[in-house]
Amino acid sequence: MEQRHPEGQAANGDSLLGDNNIMPHQDWLTNLDSRLRSQEEQLTLVKSALADALRRLSFYDQQIPLLRQQLLEANSGVSDTKDPAILPQGKNALGILPPILSSSSAVQQPPSSKELVPWNDSLLRLKQVSIGTQTEESTVLPAKQGQCLNNGYLQQIAESSVVREKPIQDHSSTREADSPKGLTCGGLPEELVKNSFGPKNYGGGQDLGLKNQNIQEEPQGQGLVCCHPNTCPHEFQDVGEPPPKDGMDKDMGTAQSPPSAQPPSPEPLSEGGSSSSSTPASPIPAVQNVMSSKKELLRRNSSSDKPSRAKHHLSRKAASSANLLNRFGSLENRNKDPSLNPGPWSTRRGNYNLEGLSTKMFLRGRPITMYIPSDFPNYEDLRMELPTEKLQLDWVYGYRGRDCRSNLYVLTSGELVYFIACVVVLYHIQRRTQRHYLEHTDCVRCLAVHPDRVRVASGQMAGVDKDGKPLQPFIHIWDSSTLRTLQQIGLGNFERGVGSLAFSTADNGAYLCVVDESNEHMLSVWDCARGIKQAEIKSTNESVLTVEFNPQDSSNIITTGKSHVYFWTWSGNSLTKKQGIFGKYKKPKFIQCFVFDTSNDVLTGDSEGNILTWARMKADNSTPGKGTKGTYQISKQTRAHEGSIFSLCLCRDGSVLSGGGKDRRLVRWSPSLTLLQEVEIPEQFGAVRTIAEGNHGELLVGTTRNALLLGSLADGFQPIIQGHTDELWGLGTHPSRDLIVTCGYDRQLCMWDGGEHTLAWSVMLEETGLCADFHPSGKVVTVGLSTGRWVVIDAETQQVLSGYTDGNEQLSVVRYSPDGDFLAIGSHDNFIYIYSVEDSGHKYIRFGRCTGHSSFITHLDWSKDGKFIMSNSGDYEILYWDVANGCKLLRNRFENRDREWASYTCVLGFHVFGVWPDGSDGTDINSLCRSHNERVVAVADDFCKVHLFQYPCAKPKAPSHVYRGHGSHVTNVRFTHNDGYLISMGGKDTSIFQWRVQGNSCALFSASTSSQDAGVST
């Protein structure tokens, strides 16, 4: 039989590309289109660089006649004074320039031999040039056009001329080593020097009668810059950077870098003195460097040909804020900074900083330069204080049902008590209000209510603080009416966490039994009033899921879990156990719940879907080995559910409720376990996790999809609390209403009504949602997914209006411009995609792509005029983009220092760098948000805390109000439209907190303090 092959392939696996058999794959076409776009952008950059180089060449060609004329005039002045000009020769040769003649100056006297300056030192100073990233630097030529000569070279060159000089090679080739072929040591063409000064003997400079000429000596002997006295001060300007202020000229002119730090030439010369570089020769050396610099910038902006980066490994984090932020005003500190991302030619780059114009902070050893806005004239006098605004927890969205059980109870006040993250929530159904117990330092794991239904015991997991120190688990017993802690139990006694606990009933809750999460699952009994441990024993190496006292006998304790039921007898400080025997009944893999019925028999629900009745046998003193108090044996098996039974509940009328996992059924049984009634929980809410009976006979059900339902078997159930089921990242707030949109790994997009504290609607996304934003009209929501795809959803109808794909990596941020005309999408492929928006967010057209980041995009913000973007990336870059003029990268970051931003969510920037803690590794802050009134900035950190800082926060060690409650890294924060609320999201704790922003009133649960290290809530 002839073997068939996939269409378009031969038997050997090769593609059939002949005639009409070409069937290109869609992925191949997409990849080819992406490569073509990238090459087109590279060609555009090449053309731009070439055009700029040609413009510079044209400018220099126009300057040559002027230079020639001025040198001839200077030469005639030299002839009148009969003073020869000596050019250097040999390693220690001296460079002496002809004087600048003026009508009011006399002939100057030559210096003595002590005043002569060595020729082989530096001529120019190093400065930093900001070209789109904070670590790119080069040397620049003094830009002021005046009657100054640098080694015989008139400074008639424009501000953007870039010069890199070459070190002296040896005594016999001084002129060749100091200048390219055809150029003298001063940078002028050789013919011009011969015509200007005539053929001279450059061998010995000591015997040429130089006493009538004057030389300015550079400080520290760091090169030679000769100027007519009082006519041309040392002024330094940067390419695209601001000129120094008058008061800084003197300081900047006196600071020099060590000779060893001088950068090598971009064009190494051969033995004959000719350049071996591929850069075309030019009559002006600055042009060669400009063209080479353009090549470096082209590589910097190319997405397919990025320069290699120097890797720096840090042995430890910064130990103090002195390592986090460094203010420097002298060029003497340049060589102390790491040389990150060096260019093709440089071995070290100087740091550009003028006193009072910029500051610098460090993240993972990388310097980040930020320019001080002009509205901070007295930056040194700026003092950071605690903001007058404070936060109070108003509402918590969510419930932890996916991995916890026995976590829902009803108090005498009519409030439900349950937990999520580090918060125990007290929710009043009729009043629709919440109160919160916030004294736990890590996630709450279990809950028990005292027989008086007022006192509550809650146990937490172990954790670590921000310094890596372990936080030990403990139990708090607290008063639900006052939220006051009555007793702390077990600090230092439990390992990993508290797994389950229960109050005794027969003695009015005098004791508490606890099982921890250690390998041995230690069972202990505690005196609640005194907080003293009464007894402790290893229970089992298998999982223990539940523990309870016998309601009629506190000396009898039962635990269940994986493949076991243990009946414990407590006496004094000892605990003894008897294992339940299954006998003829199949031993289940898990016994997940149990309850005491009205006859004090034990009913267990297991993973096989059966309810087993364990009856207590009478004591048999005649038979050896029988306990004096009798044992429990299985007396009956009832088939109840398909799949596991997750919960059993004894109602006040004696009936029993059972909740199924796989079948999602809630069933009511008579005391004799006869089926009375059943209902199926809707699939969207998941399986039954726990059941509680309300004060008026209503039923409350907690589900595995983190929802709380209220209803009855007859009328069905409705959700009263809902939440996400997996890690959260995407957050957006409505521009004019208290509406919140969230998304995460559970692929749910949820719209929350902050005023009503309810879930407005929820839809399932095709992939994981990682970011979201409202259009300024509020009519649509855009959601970025993990696959590079983004979708636009109608906020009213929940319908998907359109979907687009940009790249194949996850999207980290989507942001509309303030006027709604543009949409910016930051991707992990290092690009920012720009779309023009029409019809109130219903129509999108690709506008351009911002190319220039060397790592994935993390945050971005629009300017208030909607024309510019500020963005951060994973390698701590701060870049600025001119979107309106073609998505151009703005290389002069200094010019953006006064730009006003419609929002401020970038975690790196001058106005917010004070929020970073000491020793940060660059990932400690996940998100921040400035309030709309620009008074405060909220910060979400990696240590489960929400901070509130004063805005602007532009000094290190800024104090803050600190609020706890989240049990995982806080992934996002946003203010609502009128700054009335702050929304924060936990990561893996799946919680959403709504904080009320208060004026000068103190939050109920936080004790904020200020110190040098920051405010910390205790």
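As shown above, the structure is provided for reference.
Residues numbered from 1 in each chain as written. Predicted model: local features only at pLDDT ≥ 70, side-chain atom pairs only at ≥ 80, totals over all residues. Heavy atoms only, no water.

(A) Highlighting the overall build of the protein chain. The helix and strand inventory of the protein chain stands at 6 helices and 62 strands. Considering only residue pairs separated by 6 or more positions, the protein chain has 54% of its internal contacts joining residues 24 or more positions apart. (Helix = DSSP H or I, 4+ residues; strand = E, 2+ residues; numbered from the N terminus. Contact = heavy atoms within 4.5 Å.)

(B) Representation of the layout of surface pockets. One number sums up the size of the largest pocket: a volume of about 1,600 Å³. Taken together, 50 residues line the largest pocket, and the ones lying closest to its centre are Ser 406, Tyr 409, Glu 548, Val 595 and Leu 648. If you list the elements that add at least two residues to the lining of the largest pocket, you get β10 (409-410), β14 (444-449), β20 (498-503), β24 (544-550), β28 (591-596), β32 (645-650) and β36 (688-693). For the lining of the largest pocket, the element with the highest residue contribution is β24, accounting for 6 residues. For the lining of the largest pocket, a count of residues per class yields 28 nonpolar, 12 polar and 10 charged. (1 Å grid on protein atoms, 1.4 Å probe; cavity = no way out; pocket = protein on both sides within 12 Å on 5 of 7 lines; lining within 4 Å. Points joined across faces, edges and corners; volume = space filled by probe spheres on them. Nonpolar A, V, L, I, M, F, W, Y, C, P; charged D, E, K, R; others polar.)

(C) How the structure looks around the pattern of salt bridges. Taken as a whole and judged by the stated rule, the model has 26 salt bridges. Ionic pairing is found between Arg 445 and Asp 403, a salt bridge with its closest N-O pair at 3.7 Å. Here Asp 403 lies in the loop between β9 (390-397) and β10 and Arg 445 lies in strand β14, a separation of 42 residues in the sequence. With a relative accessible area of 29%, Asp 403 lands in the partly exposed category. Between Lys 864 and Glu 934 there is a salt bridge; the shortest N-O distance is 3.2 Å. Here Lys 864, found in the loop between β52 (857-862) and β53 (868-873), pairs with Glu 934, found in the loop between β56 (925-930) and β57 (936-941); they are 70 residues apart in sequence, far enough to count as distant. (Salt bridge = Lys/Arg side-chain N within 4 Å of Asp/Glu carboxyl O. Buried < 20%, exposed > 50% of the residue type's maximum accessible area, 1.4 Å probe, protein only.)

(D) Seen up close, a nonpolar patch on the surface. On the surface, Trp 28, Leu 29, Leu 32 and Leu 36 cluster together to form a nonpolar patch covering roughly 370 Å² of accessible area. Tracing the sequence through the fold places Leu 32 in helix α1 (residues 26-81). (Patch = residues over 30% accessible without salt bridge, like charges linked within 9 Å, V, L, I, M, F, W, Y side chains within 5 Å. Areas by Shrake-Rupley, 256 points an atom, 1.4 Å probe, with all protein chains shown as cover.)

(E) Here's a closer look at the sheet that holds strand β15 (residues 455-460). Reading across from one edge, β14-β15-β18-β19 is the order of the 4 strands in this open sheet, with antiparallel pairing throughout. Of all the strands in the sheet, the pair left with one neighbour each is β14 and β19 (484-489). Put simply, the sheet's adjacent strands are angled 25 degrees from each other on average, direction ignored. Across 5 bridges, the pairing between strand β18 (residues 475-479) and β19 is antiparallel. Paired with Ile 475 across the two strands is Ile 489, which belongs to β19. (Pairing = 2+ DSSP bridges. Axes fitted to C-alpha atoms, helices over the stretch in contact; angles between N-to-C directions.)

(F) The arrangement of the side chain of Ser 647 in detail. Checked against the element boundaries, Ser 647 lands in strand β32. Residue classification places Ser 647 among the buried positions, given a relative accessible area of 6%. Among the polar contacts listed, one links the side chain of Ser 647 to the backbone nitrogen of Ile 691, at a separation of 3.4 Å. Contact partners of Ser 647, with chain neighbours within four places excluded, come to Cys 593, Leu 657, Ser 658, Gly 659, Arg 689, Thr 690 and Ile 691. (Polar contact = N/O pair within 3.5 Å; in protein donor to acceptor, adjacent residues only side chain to side chain.)

(G) Inspection of the sheet that holds β9 at higher detail. What the 4 strands build is an open sheet, ordered β9-β62-β61-β60; its pairing is antiparallel. Lying at the two open borders of the sheet, with one neighbouring strand each, are β9 and β60 (970-975). Along the sheet, successive strands turn relative to each other by an average axial angle of 25 degrees, direction set aside. Note: strand β61 (residues 981-986) against strand β62 (residues 992-998), 5 bridges, orientation antiparallel. Bridged to Leu 982 within β62 is Trp 995.

(H) Main features of the environment of Glu 900. On the secondary structure map, Glu 900 appears in the loop between β55 (888-889) and β56. When near neighbours in sequence (up to four residues on either side) are disregarded, Glu 900 contacts Ser 863 and Lys 864.

(I) Fine view of the packing of aromatic side chains. On inspection of all chains with the given rule, the structure shows 28 aromatic pairs. Summarising the aromatic geometry, the rings of Trp 790 and Tyr 835 are spaced 5.0 Å apart at their centres and angled 70 degrees between planes, so their arrangement reads as edge-to-face. Here Trp 790, found in strand β46 (residues 789-794), pairs with Tyr 835, found in strand β50 (residues 832-838); they are 45 residues apart in sequence, far enough to count as distant. What makes Trp 790 buried here is its relative accessible area of 0%. Consider the rings of Phe 993 and Trp 995, whose centres lie 5.8 Å apart with planes at 65 degrees: the pair is edge-to-face. No difference in accessibility class separates Phe 993 from Trp 995, as the two residues are buried. Following the ring pairs from residue to residue traces out a cluster consisting of Phe 376, Tyr 379, Phe 910 and Phe 913. (Phe/Tyr/Trp six-rings, centres within 6.5 Å; stacked < 30°, edge-to-face > 60°.)

(J) Structural context of the pairing of β60. Where burial is concerned, most of β60 is hidden: 6 out of the 6 residues are buried. Sheet topology places β60 next to β61; 5 bridges connect them, and they run antiparallel. Looking at β61, one finds that Val 973 is bridged to Ser 984.

(K) Fine view of unusual backbone geometry. With an omega of 0 degrees, the peptide bond between Tyr 951 and Pro 952 qualifies as cis. Mapped onto the elements of the fold, Pro 952 is located in the loop between β58 (945-950) and β59 (961-964). The phi dihedral of Arg 453 falls on the positive side, at around 60 degrees, and the residue is not glycine. Note that Arg 453 resides in the loop between β14 and β15. The backbone phi angle of Cys 944 is positive, close to 70 degrees, even though this residue is not glycine. Locating Cys 944 in the fold gives a position in the loop between β57 and β58.

(L) Main features of the environment of Asp 467. The residue Asp 467 is located in the loop between β16 (463-464) and β17 (470-471) in this model. Judged by relative accessible area, Asp 467 falls into the exposed class, the value being 57%. Each C-alpha atom of the pair Asp 467 and Phe 943 lies 9.5 Å from the other, and the pair is 476 residues apart in sequence.

(M) Region of the structure containing the environment of Val 423. Structurally, the position occupied by Val 423 is in strand β12 (residues 423-428). Residue Val 423 is classed as buried on the basis of its relative accessible area of 0%. The sequence separation of Val 423 and Thr 441 amounts to 18 residues, and the corresponding C-alpha distance is 9.4 Å. Apart from residues no more than four positions distant in its own chain, Val 423 is found in contact with Val 396, Tyr 418, His 436, Tyr 437, Leu 438, Val 444, Gly 965 and Phe 993.

(N) Layout of the pairing of strand β44 (residues 769-774). Counting buried residues in β44 gives 6 out of 6 residues, a clear majority hidden from the surface. Relative to strand β45 (residues 780-785), β44 runs antiparallel, the two being bridged by 5 bridges. Considered in β45, the bridge of Gly 769 is made with Leu 785. Connecting the antiparallel pair β44 and β45 is a turn made up of 5 residues, with Gly 778 showing a positive phi of about 80 degrees.

(O) Structural view of the state of the cysteines. All told, the structure shown has 0 disulfides when counted by the stated rule. Counting only cysteine sulfurs, Cys 651 is the nearest neighbor of Cys 649, a cysteine outside any disulfide, at a range of 4.9 Å. Since its relative accessible area comes to 10%, Cys 649 is described here as buried. Free of any disulfide, Cys 743 has its nearest neighbouring cysteine sulfur in Cys 771, separated by 6.8 Å. (Disulfide = S-S within 2.5 Å.)

(P) Region of interest: the nonpolar core. The biggest cluster of nonpolar side chains holds 46 residues, and the ones touching the most others in it are Leu 416, Tyr 418, Tyr 427 and Leu 982. No other element matches the 5 residues that β9 contributes to this core. Among all residues touching Leu 982, those that are not within four sequence positions of it are Leu 391, Ala 938, Val 946, Val 973, Arg 974, Phe 975, Phe 993, Gln 994, Trp 995 and Val 997. Core analysis: the second largest hydrophobic core is formed by 33 residues, Ile 878, Tyr 904, Phe 913 and Val 915 among them. (Core = buried A, V, L, I, M, F, W, Y, C linked by side-chain atoms within 4.5 Å.)

Geometric values such as these leave the question of function open.
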